[in-house]
Amino acid sequence: QQQQQQQQQQQHSQAVVSYLNSVLSQRGQHALPYAEDAKWTIRQHLLDLLREFPSLQVKNGTYTHNDGRNAHLLRTEGTIPMFYQNVRYNVPVTIFLLEAYPRSAPLVYVCPTPDMIVKPRHSSVDPSGKVSCDFLRGWMHPRANLADLGRSLSTLFSRDPPLFSKPPGWTPPPGVAQAFSVGGSPPGQQQQQQHNGGQTFANPMQPHGNGGAASASASAAPSAYSGSAAAGSQQQQRPQTPRSTFRTDAIARITHRIGVALSSQQQHEQRTLESLFEEQNALEERGKTLEKGCRELQAEREALENSVGQLSEVSARMKGWLKDHPEAVAMARSAAENGDASAASVVQPPFDEAVTARDPRGAQLLAARAEDLAIEDALYALEDAFRHGAVEAGDYLKHTRMLCRSQFFERAKQNKLLSTLASAGATSAPSASHHPSHVATLEGVNPMAARS
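Residues numbered from 1 in each chain as written. Predicted model: local features only at pLDDT ≥ 70, side-chain atom pairs only at ≥ 80, totals over all residues. Heavy atoms only, no water.

Visitor: So what exactly am I meant to see when it comes to the overall build of the protein chain here?
Guide: If you tally the helices and strands in the protein chain, you get twelve helices and seven strands. The buried share of the protein chain, reckoned over its 452 residues, is 31%. Restricting to contacts in the protein chain with at least 6 residues of sequence separation, those with at least 24 account for 64%. Surface summary for the protein chain: the accessible area is close to 28400 Å², and the carbon and sulfur share equals 53%. (Helix = DSSP H or I, 4+ residues; strand = E, 2+ residues; numbered from the N terminus. Buried < 20%, exposed > 50% of the residue type's maximum accessible area, 1.4 Å probe, protein only. Contact = heavy atoms within 4.5 Å. Areas by Shrake-Rupley, 256 points an atom, 1.4 Å probe, with all protein chains shown as cover.)

Visitor: Got a minute to help me understand helix H11 (residues 393-423) in this structure?
Guide: The α-helix advances 3.6 residues per turn, and as a result positions three or four apart in sequence lie on the same side. Along its 31 residues, H11 runs 45 Å from first to last C-alpha, staying within 8% of the 45 Å computed at 1.5 Å per residue. If you check which residues of H11 are buried, you get Tyr396, Thr400, Gln407, Glu410, Arg411, Gln414, Leu417 and Leu421. Residues of H11 that are buried sit in contact with helix H10 (360-387). (Expected span 1.5 Å × (residues − 1).)

Visitor: Sorry if this is basic, but what is going on with the packing of H10 against H11 here?
Guide: Interaxial distance between H10 and H11 falls to 9 Å at its minimum, and their mutual angle equals 160°. Put simply, H10 runs roughly antiparallel to H11. The crossing of H10 and H11 is left-handed. Taken together, the residues that form the contact of H10 with H11 break down as 14 nonpolar, seven polar and nine charged. (Axes fitted to C-alpha atoms, helices over the stretch in contact; angles between N-to-C directions. Parallel < 35°, antiparallel > 145°, perpendicular 65-115°, else oblique. Left-handed = near helix turned anticlockwise from the far one by under 90°. Nonpolar A, V, L, I, M, F, W, Y, C, P; charged D, E, K, R; others polar.)

Visitor: Looking at this structure, I do not really get the environment of Leu149. What am I missing?
Guide: On the secondary structure map, Leu149 appears in helix H4 (residues 146-159). When the C-alpha positions of Leu149 and Trp139 are compared, they lie 9.4 Å apart, and in sequence the two are ten residues distant. What Leu149 contacts, discounting residues up to four positions off in sequence, is Pro106, Val108, Phe135 and Leu136.

Visitor: Quick question: what am I supposed to make of the nonpolar core here?
Guide: Across soluble globular proteins, nonpolar side chains show a tendency to be buried alongside one another. Counting residues in hydrophobic clusters, the biggest one holds 48 residues, and the most contacted among them are Leu74, Leu97, Val110, Val131, Leu146, Leu153 and Phe157. At the level of secondary structure, the elements contributing two or more residues to this core comprise helix H1 (2-24), helix H2 (36-52), strand E1 (57-64), strand E2 (70-84), strand E3 (87-97), strand E4 (107-110), strand E5 (116-118) and H4. If you tally residues by element for this core, the top one is E3, at seven residues. Other than its neighbours up to four places away in sequence, Leu74 contacts Val23, Leu24, Leu32, Tyr34, Ile42, Leu46, Val58, Lys59, Asn60, Ile95, Phe96 and Leu97. (Core = buried A, V, L, I, M, F, W, Y, C linked by side-chain atoms within 4.5 Å.)

Visitor: Explain the pairing of E4 here, please?
Guide: Residue alternation in E4 divides its side chains into two sets, Leu107 and Tyr109 and Val108 and Val110, and both sets are buried. In this structure, E3 lies alongside E4, joined through four bridges in antiparallel fashion. Across the sheet, the residue bridging to Ile95 is Val108, located in E4. (Pairing = 2+ DSSP bridges.)

Visitor: Mind showing me how you'd approach a nonpolar patch on the surface here?
Guide: Residues Ile254, Ile258 and Leu262 make up a contiguous nonpolar surface patch of roughly 300 Å² in combined accessible area. One can find Ile258 in helix H6 (residues 242-324). Its relative accessible area of 45% is what places Ile258 among the partly exposed residues. (Patch = residues over 30% accessible without salt bridge, like charges linked within 9 Å, V, L, I, M, F, W, Y side chains within 5 Å. Salt bridge = Lys/Arg side-chain N within 4 Å of Asp/Glu carboxyl O.)

Visitor: Whenever I open this one, the pattern of salt bridges confuses me. Can you help?
Guide: When their charged atoms lie close together, side chains carrying opposite charge are able to pair. One pass over the full model with this rule turns up 19 salt bridges. Across the pair Glu36 and Arg27 runs a salt bridge whose closest N-O atoms are separated by 3.7 Å. The same class applies to Glu36 as to Arg27, namely exposed. Between Asp48 and Arg51 there is a salt bridge, and its shortest N-O distance comes to 3.1 Å. Residue Asp48 and its partner Arg51 are both found in helix H2; the two are separated by three residues, about one turn of the helix. One network of salt bridges, with partners in common, ties together Arg369, Asp372, Glu376 and Arg411.

Dropping the structure here:
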């Protein structure tokens, strides 16, 4: 028998899933007005709610807002358990899922039976039965859900029951709207809301029989508010003493203060989290900037290492030449120590004869290279003179244009000679008859590169 009940519950669970899938996937005039990306969340919230509170049912139908707009919405009807003075009671409620759900809170009403009334001046339920509690006011998606709402309502109603038995001959005060009963419409909208045209699907997870509420029920048959009549009789049989009244009020006040403190703490933590997220984004941006700077520094380091290698090679060649010509070094040092300018001029080698070309093309290349470097020096000197005001702007532009034109032709000549030498199979254009080490410093140098 237990296995049979489990199989039935499993079949009912599958039927609930199928029903919700069918309702949420409808199109056309019967389509529900919820966002497509929110329908899966609505389905999960309803399944969790039904699993937590098996006495609830899922329905859908037309709901009319106060401004006259009609909407085809989902709602749940049934009872939510509460415990008062160690006795379990079932409070009938209706939960409407409005169009903006789950980003906005649902609408909750307490639905008393005909022999029950809403407790006057209740802290969270107005005379119409509408529930307004901290959980609904602080609703925040995706943290909030229907199962947590049901548990919050159960705790709230256990702390302060919203219903009690209607006294004999009781009539509602004039001008005060009362809560709608089970199966009815909320006050002020009884002419507007239409529930009969919608579909109803009972919760298949609801256990058979009265379960834990049977001890509090007035009869053995299930009702919309099991135990409500017994609650009224027990309240009449058990008059509250001043001590119990004081205790109940103290508990209610302490709970309210704790709720307010928790709500304030929650808002503070939310602001703290937002500030931490902003700091995290700022740190991530700084991290990206630092990584980019590290890459640039690494590239600059590699370029400097290459330059150091080239200068070391040139320095080694110069040291080799000085080692091969000790007499020239000795004469230069002697002339510098004696201050003899004529001796220094004798020691200095003829620069024009220091490097000789291997062939006529090499000589042309050397001449073009020398002319290029001379023009570069002239441009530098002209710019320095203009910066110090020694040359007028017009003269500076005129001579700069002339020098740049000449330098362009010299560099074009160098490129042409280099391509000719490369096609002829020459490894290096210039060679030296008297100073081969000087020639070695010219090998592999790009004549189009800027002077360092």
